[in-house]
Amino acid sequence: MEVGFLGLGIMGKAMAANLLRHGFRVTVWNRTLAKCQELAALGATVGETPASVVSKCRYTIAMLSDPSAALSVVFDKDGVLEQIGSGKGYVDMSTVDAATSTKISEAVKQKGGAFLEAPVSGSKKPAEDGQLVILAAGDKPLYDGMVPAFDVLGKKSFFLGEIGNGAKMKLVVNMIMGSMMNALSEGLCLADKSGLSPQTLLDVLDLGAIANPMFKLKGPTMLQGSYNPAFPLKHQQKDMRLALALGDENAVAMPVSAAANEAFKKARSLGLGDQDFSAVYEVVKGAGGSGSGQA
Ligand SMILES: NC(=O)C1=CN([C@@H]2O[C@H](COP(=O)(O)OP(=O)(O)OC[C@H]3O[C@@H](n4cnc5c(N)ncnc54)[C@H](OP(=O)(O)O)[C@@H]3O)[C@@H](O)[C@H]2O)C=CC1
Ligand SMILES: O=CCCC(=O)O
C-alpha cells in the first residue's frame, strides 16, 4: 500500500517510519524540508509540496501541530485541495477542533475526495511501537481502506461516526490528561513541602486505584527536572484551550480544566512550550522556567 505523509514532527516522523518498517511505500513532505532526509534514508520518497504528495498517492495522512497548520496545508498554495479528487482519501490525524475538521472535510468532499479525521491517543513511544489508539470519524469507506495502515500505527481503532466526533473525543481525553498532570504536580509539591518523599508518593500511587501509565512514566522524570519533549507543552495547552471551547459550546462547567489551562499558559509564558507537558510541574513548584519566549 502506498501512502503520503504530511508533517514529520515528533509523531509524524515516528508514524511514517513505522509504516516504512512494515513495507508501506511512503511519500513524505514536511514544511521544513530538511526533516524529510531521515525518512528518505529509511526508504521514503520525498514530495516537494502537499499537492505533489496527494497527486502521487491514493491515501494521504497528515500529522500537524494545530488547527492553523492543518488548514494551511489544505487550503494554501500547493496545498492538498489542489490535487484531491475522486478516488483519493485525505486522513488528518492531527489534534484539532471539530470546526477545523468540518471545514477541511467539506472542502475535500466538494472536490470529490474522501476525508477522515483520525486523531490519536498515545505519545512518541506508542507511535514508534505502533501502539496508538486511533479515534476516527467521517468517511466510512475511507476508514475501511485505511485499516491496514491503522493496524500498523495503532493497537486499536475506533470509528466514531460523523465528522467532529473523533476531534471531540480526542479533546475530552486530553482535557482529562492535562488536569491529571496538574493534580500529579500539586501532589508531588505537597508531598515534598509537607516533609514526605515524592518518590515514595509515586510508589504509593502506583500500587493503588489511581495507578496509571502516565504517572508511572512521567513521575520519575519530573522529579529529575527532565522534560525532554514527547508531548510538547504548547500542544497540551492548545488541547486544553480547544476542550474548554467545546465546554463553552455545550454549557459544561469545567473549573478544574480551566485552572489546569492557566498553569499550562503560565508555563508557555515562561518559555516552557517546547518542553514536555510535564514541565507544568515547574510552574506548580513556583520555580518558573529559564527562558522567556512565547512558544
Ligand atoms: N507528541 C505527542 O505526544 C502527541 C501529539 N499529538 C498531536 O499530533 C500533532 C503533532 O504533534 P507533534 O508531532 O508532537 O508536534 P511537533 O511540534 O513535533 O510537529 C508539528 C508538525 O507540524 C508542522 N507544522 C507546524 N506548523 C505548520 C504550518 N503552518 N504549515 C505546515 N506544517 C506545519 C511542523 O513542521 P516543521 O517541522 O516545519 O515545524 C511539524 O511537522 C499535534 O496536533 C499534537 O497535538 C497527538 C498525540 C500525541
Ligand atoms: O495528544 C497527546 C497525547 C499523549 C498521550 O496520550 O500520551
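Every chain is numbered on its own, with residues counted from 1 as its sequence reads. To read the labels, note that chains go from A and ligands from 1, taken in the order they are written. Thresholds applied to this predicted model are a pLDDT of at least 70 for local features of residues and 80 or more for the giving and counting of side-chain atom pairs; totals over whole chains, interfaces and linings are not thresholded and use all residues. Only hydrogens and water are set aside; all other atoms, that is, all heavy atoms of the structure, feed into the side-chain values.

1. Structural notes on the packing of aromatic side chains
Only rings of Phe, Tyr and Trp enter the pairing, Trp through its six-membered ring, and a pair is recorded when the two centres are within 6.5 Å. The plane angle decides the type: under 30 degrees is stacked, over 60 is edge-to-face, the rest tilted. Taken as a whole, this structure holds four aromatic pairs when the rule is applied. Seen in terms of ring centroids, tyrosine 143 and phenylalanine 159 are 5.1 Å apart; in terms of plane orientation they differ by 50°. Their pairing is tilted. Of the two residues, tyrosine 143 is situated in helix 7 (residues 140-153) and phenylalanine 159 in strand 9 (residues 154-159); the sequence distance between them amounts to 16 residues. Think of it in three bands: residues with accessible area under 20% of the maximum for their type are buried, residues over 50% are exposed, and the middle band is partly exposed, with areas taken using a 1.4 Å probe on protein chains only. Its relative accessible area of 28% is what places phenylalanine 159 among the partly exposed residues. Members of the aromatic cluster, joined through ring pairs, are Tyr143, Phe150 and Phe159. If you follow lysine 103 out to its NZ or CZ, it ends over the ring of phenylalanine 75, 5.5 Å from the centre. Only lysine NZ and arginine CZ atoms are considered, and such an atom sits over a ring when it is within 6 Å of the ring centre and within 35 degrees of the ring normal. Lysine 156 extends its terminal NZ or CZ atom over the ring of phenylalanine 158, reaching a point 5.2 Å from the ring centre. Helix numbers and strand numbers start at the N terminus; a helix is a DSSP run of H or I with at least 4 residues, a strand a run of E with at least 2.

2. Observations regarding the pairing of strand 5 (residues 89-92)
Successive residues of a regular strand alternate their side chains across the two faces of the sheet. Residues Gly89 and Val91 point to one face of strand 5 and Tyr90 and Asp92 to the other, with burial holding for every one of them. For strand 4 (residues 59-62) and strand 5, the ladder comprises four bridges, and the chain directions are parallel. Of the residues in strand 5, the one forming a bridge with alanine 62 is aspartate 92. We call a crossover right-handed when, viewed with both strands directed away from the observer, the connection leading from the first strand over the helix to the second proceeds clockwise. At this point the chain moves from strand 4, through helix 4 (residues 67-75), to the parallel strand 5, and the crossover so formed is right-handed. Strand pairing is assigned whenever DSSP detects at least two bridges linking the two strands.

3. Structural notes on empty space enclosed by the protein
The method works on a 1 Å grid over the protein atoms by themselves. A cavity is a set of points holding a 1.4 Å probe that cannot get out, a pocket is an open set with protein on both sides within 12 Å along at least five of seven lines, and residues with an atom within 4 Å of a point line them. Grid points are joined across faces, edges and corners, and a volume is the space filled by probe spheres set on the points. A full pass over the atoms with the stated rule returns one cavity of 30 Å³ or more. Size it by volume and the largest cavity reaches roughly 30 Å³. Lining of the largest cavity is provided by Asp92, Ser94, Thr95, Val96, Ser101, Glu117, Pro119 and Ala167. The classification used treats Ala, Val, Leu, Ile, Met, Phe, Trp, Tyr, Cys and Pro as nonpolar, Asp, Glu, Lys and Arg as charged, and all other residues, Gly among them, as polar. Its residues assigned to classes, the lining of the largest cavity comprises three nonpolar, three polar and two charged.

4. Here's the deal with the confidence of the model for the protein chain
As a per-residue quantity, pLDDT reports the predictor's confidence and falls between 0 and 100. Per-residue confidence for the protein chain gives a mean pLDDT of 96, with 97% of residues at or over 70. Any two residues whose heavy atoms approach within 4.5 Å are treated as being in contact. Overall, residues 288-295 carries pLDDT values under 50, and its contacts beyond four positions in sequence, including any with other chains, amount to 18 contacts. Both confidence scores are given for the complex: pTM 0.96, ipTM 0.99.

5. A few points about the site of ligand 2
The immediate surroundings of ligand 2 are formed by Ser121, Gly122, Ser123, Lys170, Asn174, Met177 and Phe231. In the analysis that follows, any N or O atom pair within 3.5 Å is treated as a polar contact, provided that within protein one partner can donate a hydrogen and the other can accept it, and provided that, for residues neighboring in sequence, both atoms belong to side chains. Between an oxygen atom of ligand 2 and a main-chain N or O atom of glycine 122, the distance comes to 2.8 Å. Residue lysine 170 places a side-chain N or O atom 2.7 Å away from an oxygen atom belonging to ligand 2. All accessible areas in this document rest on Shrake-Rupley with a 1.4 Å probe, and a residue is counted as covered only by the protein chains that are shown. When ligand 2 sits alone it has 240 Å² of accessible area, and the protein chains cover 81% of it. In terms of residue count, the dominant contributor to the shell around ligand 2 is helix 8 (residues 165-193) (three residues). Residues of the shell around ligand 2, tallied by class, amount to two nonpolar, four polar and one charged. Start and end points for every domain follow an automatic or database-based domain assignment. In terms of domain composition, the shell around ligand 2 takes at least three residues from each of domain 1 (2-162) and domain 2 (168-287). Consider each residue's heavy atoms; a residue with any of them within 4 Å of a molecule or strand counts as near.

6. Focus: the UniProt feature "active site" (unreviewed entry) in the protein chain
The positions UniProt marks with the feature "active site" (unreviewed entry) are Lys170. With near-sequence residues (within four places) excluded, lysine 170 lies in contact with Thr95, Pro119, Val120, Ser121 and Leu135. UniProt positions are given in the numbering used here, feature names are shortened, and annotations may be inferred rather than shown by experiment.

7. Brief notes about the packing of helix 9 (residues 198-207) against helix 10 (residues 213-223)
Relative to each other, helix 9 and helix 10 sit at 180°, their axes nearing to 10 Å. Overall, the two elements helix 9 and helix 10 adopt an arrangement that is roughly antiparallel. Contact residues: helix 9 offers Pro198, Gln199, Leu202, Leu205 and Asp206, while helix 10 offers Phe215, Lys216, Gly219, Pro220 and Leu223. Considered class by class, the residues forming the contact of helix 9 with helix 10 number six nonpolar, two polar and two charged. Note on geometry: axes are lines fitted to C-alpha atoms, helical ones only across the stretch in contact, with angles between N-to-C directions running from 0 to 180 degrees. Comment on the angle field: the value is read as roughly parallel under 35 degrees, roughly antiparallel over 145, roughly perpendicular from 65 to 115, and oblique elsewhere.

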